[in-house]
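Remarks on the overall topology
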Amino acid sequence: MTQRYLPDAALQLMPKVINLPAGMLPRTAARHFVCLTIGSRGDVQPYIALAQELQRAGHTVTIVTHAEYKEWIERWGVRHRTAGGDPGALMKLSVEHKMFSPQFFKESLSNFRTWLDDLLVDAWEQCKDADVLLESPSAMAGVHIAEALNIPYFRTFTMPWTKTAAFPHPFLSPPVELASFNTSTYILFDNVLWSATSGQINRWRKHTLHIGSTDMGHLAQSKIPSIYNFSTYVVPKPLDWGDAIVISGYWFLDNPDLEWAPPESLTQWMAKARQDKKPIVYIGFGSITVPNPPAMTRNIVKAVLRSDVRAIISKGWSARMSKTDETDFVFPPECYSIDKVPHDWLFPQVDAALHHGGAGTTGASLRAGIPTLIKPWFGDQFFWASRVQKIGAGMKVSSLSASEITTTLVKATSDRLMKERAASIGEKIRSENGVHNAVKAIYTYFDRAGRDRTELD
Ligand SMILES: CC(C)[C@@H](C)/C=C/[C@@H](C)[C@H]1CC[C@H]2C3=CC=C4C[C@@H](O[C@@H]5O[C@H](CO)[C@@H](O)[C@H](O)[C@H]5O)CC[C@]4(C)[C@H]3CC[C@]12C
Ligand SMILES: O=c1ccn([C@@H]2O[C@H](COP(=O)(O)OP(=O)(O)O)[C@@H](O)[C@H]2O)c(=O)[nH]1
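Criteria and cut-off values
Residues numbered from 1 in each chain as written. Chains lettered and ligands numbered in written order. Predicted model: local features only at pLDDT ≥ 70, side-chain atom pairs only at ≥ 80, totals over all residues. Heavy atoms only, no water. Disulfide = S-S within 2.5 Å. Buried < 20%, exposed > 50% of the residue type's maximum accessible area, 1.4 Å probe, protein only. Domains from an automatic or database assignment. Contact = heavy atoms within 4.5 Å. Salt bridge = Lys/Arg side-chain N within 4 Å of Asp/Glu carboxyl O. Polar contact = N/O pair within 3.5 Å; in protein donor to acceptor, adjacent residues only side chain to side chain. Helix = DSSP H or I, 4+ residues; strand = E, 2+ residues; numbered from the N terminus. Nonpolar A, V, L, I, M, F, W, Y, C, P; charged D, E, K, R; others polar. Near = heavy atom within 4 Å. Areas by Shrake-Rupley, 256 points an atom, 1.4 Å probe, with all protein chains shown as cover. Pairing = 2+ DSSP bridges. Axes fitted to C-alpha atoms, helices over the stretch in contact; angles between N-to-C directions. Core = buried A, V, L, I, M, F, W, Y, C linked by side-chain atoms within 4.5 Å. 1 Å grid on protein atoms, 1.4 Å probe; cavity = no way out; pocket = protein on both sides within 12 Å on 5 of 7 lines; lining within 4 Å. Points joined across faces, edges and corners; volume = space filled by probe spheres on them. UniProt positions renumbered as here; feature names shortened; annotations may be inferred. Right-handed = clockwise from strand over helix to strand, strands pointing away.

1. Remarks on the state of the cysteines
- Applying the stated criterion across every chain yields a total of zero disulfides.
- In this model Cys35 remains outside any disulfide bridge; the closest cysteine sulfur is found in Cys127, 9.4 Å from its own.
- Residue Cys127 is classed as buried on the basis of its relative accessible area of 0%.

In structure tokens, the structure reads:
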């Protein structure tokens, strides 16, 4: 007997099903979800994970982002379309100038105006056949495209972007924590970004989307249904966030490079470290550039030897835009140098991780239940460093001097309280299903996400 389902219009009028078994998603009509995002690997990888869950639920998914990620996204069976230009230029801007500092604005206002025009035009071209639009708010175009198409729109991001008194904007993490100050950092951030971009955006709305201009009042950003892909065990949901602002849990993508297999030399090196009863730590700083890679490498090696640990060093920092060639650096046997390694494979096998505090890397080390040591460089990394310190699962590292790294490595591999706390947080994060919760939130707030926000309470 074929099961018959009510048409969508009727389904939307039905009371929300509340007694579904926990792991089950209500069935809805198949839709084309478009995910618009820009930035580093950490801005793209979570969407590949979400796409797997959406496609399992019968939907089609297109990720609109930089061409650099096309081959990787398509290898995961997800459609890709291009927008956003060169991610390296965006990362270089973000690393070299403190986010939203006067220097940042001077640089972006003089060198990124054309980039923004191209982003808006390309995003419209690539998103115009969406049934539902999910956007990293950094991409800026999606909220207007959804309005022009009159389709449901969700903001989905790796860091908190909705106004709250609970903590400051992740890009403006000041030393003070004061409720009114916290709220004002979001108001400041939104107003500064909007005033810098509204001229171009409103011209594009008029000439390309053929809709009228908008302003902060009509955008009503704090009412945009949002889904944040981190964990409430790391960032408890603020009391001043409405129901439609959801913290889903991390959107983990295991074995992200698909065909990767551990080099035998690595597995043998790890077995030897275990045999010698030495703690193994991971040290790597993701997709950022660093001021002086050779000096940093020397300090790290010195600290590893002094703290009598064994270190797997992901020298991504020397592989990107470094001015001096480090290929001639010879690591001692206590260190194993690797370009990149799937964190979901490695982190459960090591005793601590020292990294840059990227949202995804932080999620990966916390999920593994190991002390998370963060040396932040830019953006939200400072926010994640304060979070791991606050939940007792790790520490913020202020400098990469040999002495500070030594102290940090010794503490992380010997402090029982930190190790137990990290293990407990790891257990909680592993019990979550972030992508499932995210799809459930999309279904739950689907109707709200398609409405005029100025009419919402
Ligand atoms: C042209 C305009 C007048 C001018 C104002 C425009 C400027 C743009 C170039 C910048 C405006 C907003 C910036 C960005 C916002 C957010 C971003 C996210 C960031 O990704 C995060 O990287 C973290 C560090 O590793 C990681 O923890 C986290 O998981 C990632 O989400 C990357 C940079 C950016 C896209 C950033 C780029 C510049 C613009 C778009
Ligand atoms: O060698 C590496 C480097 C990165 N990652 C993963 O790639 C993502 C990087 O995202 P993040 O938010 O940390 O930001 P980014 O490093 O791109 O700035 C995270 O899930 C990491 O766990 C990994 O598995 N192995």
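2. As for the domain arrangement of the chain
- Taken domain by domain, the chain holds domain 1 (8-250 + 432-455) and domain 2 (264-430).
- Its C-alpha centre places domain 1 at a distance of 30 Å from the equivalent point of domain 2.
- Domain 1 puts 25 residues into the contact, and the matching count from domain 2 is 22 residues.
- Taken together, the connections running from domain 1 to domain 2 amount to zero salt bridges.
- On the surface where domain 1 and domain 2 come into contact, there are three residue pairs in polar contact (both at pLDDT 80 or more).
- With five residues, helix α4 (residues 87-96) is the largest single contributor of residues to the side of domain 1 that touches domain 2.
- Across the side of domain 1 that touches domain 2, the residue classes tally to 15 nonpolar, six polar and four charged.

3. Description of the site of ligand 1
- Of all residues adjacent to ligand 1, which total 26 residues, the nearest are Asp43, Thr158, Ala359, Asp380 and Gln381.
- A distance of 2.5 Å separates an oxygen atom of ligand 1 from a polar atom in the side chain of Asp43.
- Between ligand 1 and Thr158 there is a distance of 2.9 Å, counted from an oxygen atom to a side-chain nitrogen or oxygen.
- Coverage of ligand 1 by the protein amounts to 99% of the 810 Å² it exposes when considered alone.
- Those elements that provide at least two residues to the shell around ligand 1 are α4, α5 (102-111) and α6 (113-127).

4. What to know about the sheet that holds strand β11 (residues 352-355)
- Read from one edge of the open sheet, six strands run β10-β9-β8-β11-β12-β13, paired in parallel fashion. Of all strands in the sheet, those bounded by a partner on one side alone are β10 (335-338) and β13 (394-396). Put simply, the sheet's adjacent strands are angled 15 degrees from each other on average, direction ignored.
- For strand β9 (residues 310-314) and β10, the ladder comprises four bridges, and the chain directions are parallel. Residue Ile313 lies in a different strand from β10, and its bridge partner there is Ser337.
- The strands that helix α10 (residues 264-275) touches are β8 (280-284), β9 and β10; relative to β9, the one it contacts most, it runs at about 155 degrees.

5. Thoughts on the nonpolar core
- Formed by 93 residues in total, the largest nonpolar core has its most connected members in Leu133, Ile283, Leu366 and Trp384.
- Tallying contributions element by element places helix α8 (residues 179-209) first for this core, with eight residues.
- Counting residues domain by domain, this core receives three or more from each of domain 1 (8-250 + 432-455) and domain 2 (264-430).
- Core analysis: the next-biggest nonpolar cluster, separate from the first, contains 32 residues, Ala51, Leu54, Trp76 and Leu134 among them.

6. Remarks on empty space enclosed by the protein
- The full count for this structure, using the stated rule, is one cavity of 30 Å³ or more.
- Computed from the structure, the largest cavity encloses a volume of approximately 160 Å³.
- When residues of the lining of the largest cavity are traced back to their parent elements, those giving at least two are α7 (142-149) and α8.
- When grouped by side-chain class, the residues that make up the lining of the largest cavity number nine nonpolar, three polar and two charged.

7. Observations regarding the sheet that holds strand β6 (residues 226-228)
- The strand order β3-β2-β1-β4-β5-β6-β7 describes an open sheet built from seven strands, whose pairing is parallel. Edge positions in the sheet fall to β3 (79-82) and β7 (245-247), since each of these pairs with one other strand and no more. Averaged over neighbouring strand pairs, the angle between their axes works out to 20 degrees when direction is ignored.
- Relative to strand β2 (residues 60-65), strand β1 (residues 32-36) runs parallel, the two being bridged by five bridges. Within β2, the position partnered with His32 by the bridge is Thr60.

8. Section: the site of ligand 2
- With respect to spatial proximity, 15 residues lie near ligand 2, and among them Gly42, Val341, His343, Gly360 and Thr361 are the closest.
- Val341 places a main-chain nitrogen or oxygen 2.7 Å from a nitrogen atom of ligand 2.
- His356 is positioned such that a nitrogen or oxygen atom in its side chain is 3.0 Å from an oxygen atom of ligand 2.
- Bound to the protein, ligand 2 loses 89% of the 530 Å² it would expose on its own.
- Contributions of two or more residues to the shell around ligand 2 are made by α2 (41-56) and α14 (359-367).

9. A look at the UniProt feature "domain: Glycosyltransferase family 28 N-terminal" (unreviewed entry) in the chain
- In the numbering adopted here, UniProt assigns the feature "domain: Glycosyltransferase family 28 N-terminal" (unreviewed entry) to residues 34-168.
- The straight-line gap between the two end C-alpha atoms of residues 34-168 is 30 Å; of that span, 48% is helix and 16% is strand.

10. Digging into the pattern of salt bridges
- This model, assessed by the stated rule, comprises 18 salt bridges.
- Residues Asp276 and Lys272 are paired through a salt bridge, measuring 2.5 Å at the closest nitrogen-oxygen approach.
- Connected through shared salt-bridge partners, Glu71, Arg75 and Glu259 make up one network.

11. Looking at the pairing of β2
- Burial within β2 is extensive, with five of its six residues counted as buried.
- Handedness of the β-α-β unit built from β1, α2 and β2 comes out right-handed.
- Read as a crossover between parallel neighbours, the route from β2 over helix α3 (residues 70-75) to β3 is right-handed.

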